[in-house]
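Understanding the architecture of this molecule
Single-letter residue listing:
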Amino acid sequence: MATCTAPVLVVGAGPTGMIAALTLAQNNVPVRIIEKESQHRRGQRGSCIQPRTFEVLHFLHVPEIHERAISFLPLQEHKRGSLEPFKTFSVVEYTEPTPAIPYVGTSSTTLPFPYNAKFMGQPTLEAIVREHLAKLGCTVELGTQLMSFTQDETCVRAKVVKYRGDDGEEVEEDIEAAYLIGADGARGMTRKQLGLTFVGTTREHDFILLGDIHLEAKGLDRDCWHVFGQVSQDLVTLRPTDELGKDGWQIIISGRTTDLEGLTHDREAFVNCIHDFIGLRDEVKVKEVMWVSEFRPNMRMVNKLGVGRIFVAGDAAHVHSPAGGQGMNSSVQDAFNLAWKVALVYKSFSPESLLETYTIERLPVIAEMLGFTTKMHKLMFDELDVGRTPQSTADDNGNSENIGSNLERGLRRGKNMYMLGVNYRTSPIVIDDSGMPTVQKAYGEIQEGILRAGDRAPDAPGLVSVITPNHGPHRTSRGSRSAVSLSSGMAGSTRMFDTFASTHHTVIIFTPTLAAPLVQSVLATLQQVVPKELVKRVVVLPGTPSELDGHVESRMSSEEDQAIDIEVLVDQAGHAYRGYIVEKQETKVVVVRPDGVAGAIVRDVTGLTQYFEGVFGKKGEMHAMEDAAQI
């Protein structure tokens, strides 16, 4: 395809579109993001944030979401007509944080159960990301709807309508874009006009209402997520959220015996339904209905994620049951996987073929996610479909003594929900020369003691920086000679995650000494196969503070060496060597992609060259792309 310098057009300003836009903007790619709604969306919607998403946000330098999100609450079950709980349980088995996995732990002194995921309503999340976008000069264009598009080898031409003023005046605009990313949801224009299939099923009988309300209920604990009724009949859940105020709750209503259709347009009937399902009128007062929406769970996905210069991501590409809290998180990972690749191709650093790996890598992940979230949905709603029969019957009020076991079984989630085992091991652009088998589900759990190319790259805290790029070793005067400075100790430490970012690959060289031949051969190879600004070079040495002098002084003896653009870290606690499965006397190279995935795990420059040629093209191809970009 020919080079196009027009902006990338992102359609849809939900989490998917905004993460795509932020990734592009951080890579200095011009981007426009449009949203058909005239105001930013209301509604908590998909508010569960999994550990892997927090890692993505770390790489994008958006820490506020993790800092402000609240702990995942334990569930409390109630019989209809009573605020007294009869069962409290956790949904996910708690996992202690480790040096390699920092975002799984959520400690609390007030909650009876610790949790690994967190909650934040989508309006709050989106507002935070918008602030980061604004700092990069990108703002969401509200009231702007995609109507149609065409594309050829040179660009995408989109026709949009802008709705202006209170009278809804329509102003048409033709936009020329280098690429178009459709993050416009399941009903959006992008997927439909591309002609992508959307195969799957609709759960016609599982009608669900989702809303935000102000509720007054004395005795209803705000440290728990409350459930009234039976999932197989009529059910109400209430999750407290201070984002809506001290009396704010997110409500979910599902009805098997009650017709819920039309309640979104009849607030009085909606409030009466809440009272009827809970079984309490005097004790529970609905003060305000802020937002309510209805849906039937769909389980569908596209056959491919793009055609030419146009791609789909998030709900535009796949929809599924909310069971498991995977939807928004999968959408964010779609956007991140796609956007760093678009950035490289847009700037003519990589060939167009790199964009094909978006479908190759993400489609198997989506297919597996669709499978197990559908199974979870059936466990919750279709007890008989899995060969189980109710062990007790409901009384006149719809209560059942075994409701707790049914609901708990249906909601119980495995550790794959954290999404830390999502991998791209079968991708054609990952390189692993270990010779070990790579068989693993695309949506598996982390395998302790195993790291393969295509896996999530682990974190490692407590790394002491002894050489920083362009500054040489950190030295202090010690008698008649200079030595590596240890005065800062752990105060000057960093973590492996801080070397990753959406704007570059990170090449990590594990070596017992800087004098190892592999170090110089890797650095020399990188100068030949990849533009310098697209790679961060990191050497990780094993050892303790007392061993630092020997490691650094043995190599940093000439001005030429000191000018090398590398960062040298010492793994004092051994977290990096353990996390990356490296012995102290071993040499190994790990290439971490901009999305925090181990793209290559190799032991020599042959594998290193093979990886970068897969991403950036061979040297001759790179020069041709650079020349084309300058024409």
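Definitions and cut-offs
Residues numbered from 1 in each chain as written. Predicted model: local features only at pLDDT ≥ 70, side-chain atom pairs only at ≥ 80, totals over all residues. Heavy atoms only, no water. Helix = DSSP H or I, 4+ residues; strand = E, 2+ residues; numbered from the N terminus. Buried < 20%, exposed > 50% of the residue type's maximum accessible area, 1.4 Å probe, protein only. Polar contact = N/O pair within 3.5 Å; in protein donor to acceptor, adjacent residues only side chain to side chain. Contact = heavy atoms within 4.5 Å. Phe/Tyr/Trp six-rings, centres within 6.5 Å; stacked < 30°, edge-to-face > 60°. Axes fitted to C-alpha atoms, helices over the stretch in contact; angles between N-to-C directions. Left-handed = near helix turned anticlockwise from the far one by under 90°. 1 Å grid on protein atoms, 1.4 Å probe; cavity = no way out; pocket = protein on both sides within 12 Å on 5 of 7 lines; lining within 4 Å. Points joined across faces, edges and corners; volume = space filled by probe spheres on them. Expected span 1.5 Å × (residues − 1). Pairing = 2+ DSSP bridges. pLDDT = per-residue confidence, 0-100. Nonpolar A, V, L, I, M, F, W, Y, C, P; charged D, E, K, R; others polar. Salt bridge = Lys/Arg side-chain N within 4 Å of Asp/Glu carboxyl O.

**Notes on the environment of T202**
Along the chain, T202 falls in strand 13 (residues 198-202). In this structure T202 comes out as partly exposed when scored by relative accessible area, which is 26%. Between the C-alpha atoms of T202 and P297, which are 95 residues apart in sequence, the distance is 6.1 Å. At a separation of 2.4 Å, a polar atom in the side chain of T202 contacts the side chain of N298.

**Overview of the environment of V591**
Structurally, the position occupied by V591 is in strand 32 (residues 588-592). Accessibility expressed as a relative area gives 0% for V591, which makes it buried. For the pair V591 and I508, spaced 83 residues apart in the sequence, the C-alpha separation amounts to 6.2 Å. Every residue in contact with V591, bar those within four places of it in the chain, is listed here: H505, T506, V507, V597, A598, G599, A600, L608, Y611 and F612.

**Overview of the packing of aromatic side chains**
Scanning the model with the defined rule gives 13 aromatic pairs in all. Ring plane angle 35° and centroid distance 6.1 Å describe the contact between F54 and Y103, whose orientation is recorded as tilted. Placement of the pair is F54 in helix 2 (residues 51-59) and Y103 in the loop between strand 6 (85-89) and strand 7 (118-119), with a sequence separation of 49 residues. When its relative accessible area of 11% is taken as the criterion, Y103 is described as buried. Consider the rings of F497 and F500, whose centres lie 5.9 Å apart with planes at 50°: the pair is tilted.

**Observations regarding the packing of helix 2 against helix 7 (residues 327-346)**
Taken N-terminus to C-terminus, the directions of helix 2 and helix 7 make an angle of 35°; their axes are 9 Å apart at the nearest point. Note that helix 2 runs across helix 7; the crossing there is left-handed. Judged by residue contacts, R52, T53, V56 and F59 of helix 2 engage N329, V332, Q333 and F336 from helix 7.

**Considering empty space enclosed by the protein**
Applying the stated rule across the entire model yields six cavities of 30 Å³ or more. Lining the largest cavity are 13 residues, with R52, Q333, Y424, D595 and V597 sitting closest to its centre. At the level of elements, helix 2 and helix 7 are the ones that each hand at least two residues to the lining of the largest cavity. Sorting elements by how many residues they give to the lining of the largest cavity places helix 7 first, with three residues.

**Observations regarding unusual backbone geometry**
Phi is mostly negative for residues that are not glycine, and the peptide bonds are mostly trans. Positive phi values are uncommon outside glycine, yet S348 reaches one of about 65°. Following the sequence through the fold, S348 ends up in the loop between helix 7 and helix 8 (356-381). The class of S348 is buried, set by a relative accessible area of 6%. Residue I581 is not a glycine yet carries a positive backbone phi of 55°. With respect to the helices and strands, I581 occurs in the loop between helix 13 (575-579) and strand 32. I581 gets classed as partly exposed once you look at its relative accessible area, which sits at 35%.

**Quick word on helix 7**
An ideal rise of 1.5 Å per residue puts 28 Å on 20 residues; helix 7 measures up with 28 Å between its terminal C-alpha atoms. For helix 7, the tally of buried residues reaches 20 of 20 residues, placing the bulk of the element in the interior. In the segment just after helix 7, S348 is the residue with positive phi, at about 65°.

**Remarks on the pairing of strand 17 (residues 248-255)**
For strand 17, a buried count of seven out of eight residues is recorded, marking the element as mostly surrounded by other parts of the structure. Pairing of strand 14 (residues 208-217) with strand 17, which is carried by seven bridges, proceeds in the antiparallel orientation. Among the inter-strand pairings, D212 is bridged to a residue of strand 17, identified as Q250. When strand 16 (residues 234-240) meets strand 17, the two strands line up antiparallel, connected through seven bridges. From the neighbouring strand, L235 faces strand 17, where its bridge partner is S254.

**Structural notes on the confidence of the model for the chain**
Should the pLDDT be low somewhere, the predicted coordinates at that spot are not to be read in detail. The share of residues in the chain with pLDDT of 70 or more is 83%, and the mean pLDDT across the chain is 84. Segment residues 384-404: pLDDT under 50, and 33 contacts once partners within four positions in sequence are set aside and those in other chains are kept. Predicted confidence for residues 553-563 stays below pLDDT 50, and this span has 20 contacts to residues more than four positions away or in other chains.

**Examining the layout of surface pockets**
Of the pockets and cavities examined, the second largest pocket occupies roughly 690 Å³. Along its surface, the second largest pocket is lined by 29 residues, and A100, I101, I446, Q447 and E448 are the ones closest to its centre. Along the lines of polarity and charge, the residues of the lining of the second largest pocket split into 12 nonpolar, 10 polar and seven charged.

**So, the pattern of salt bridges**
Per the stated rule, a full pass over the model turns up 21 salt bridges. Linking D334 and R362 is a salt bridge whose minimum nitrogen-to-oxygen distance equals 2.7 Å. Of this pair, D334 sits in helix 7 while R362 is found in helix 8, placing the two residues 28 residues apart along the sequence. The exposure class of D334 is buried, given its relative accessible area of 0%. Residue class for R362 comes out buried when judged on its relative accessible area of 0%. Taking the shortest distance from any N to any O, the salt bridge between K341 and E361 comes out at 2.8 Å. Linking K341 in helix 7 with E361 in helix 8, this pair joins segments that are 20 residues apart in sequence. For the residue pair K341 and E361, the accessibility class agrees, reading buried in each case. Among the ionic contacts, a cluster of salt bridges with common partners joins R32, E141, K162 and E173.

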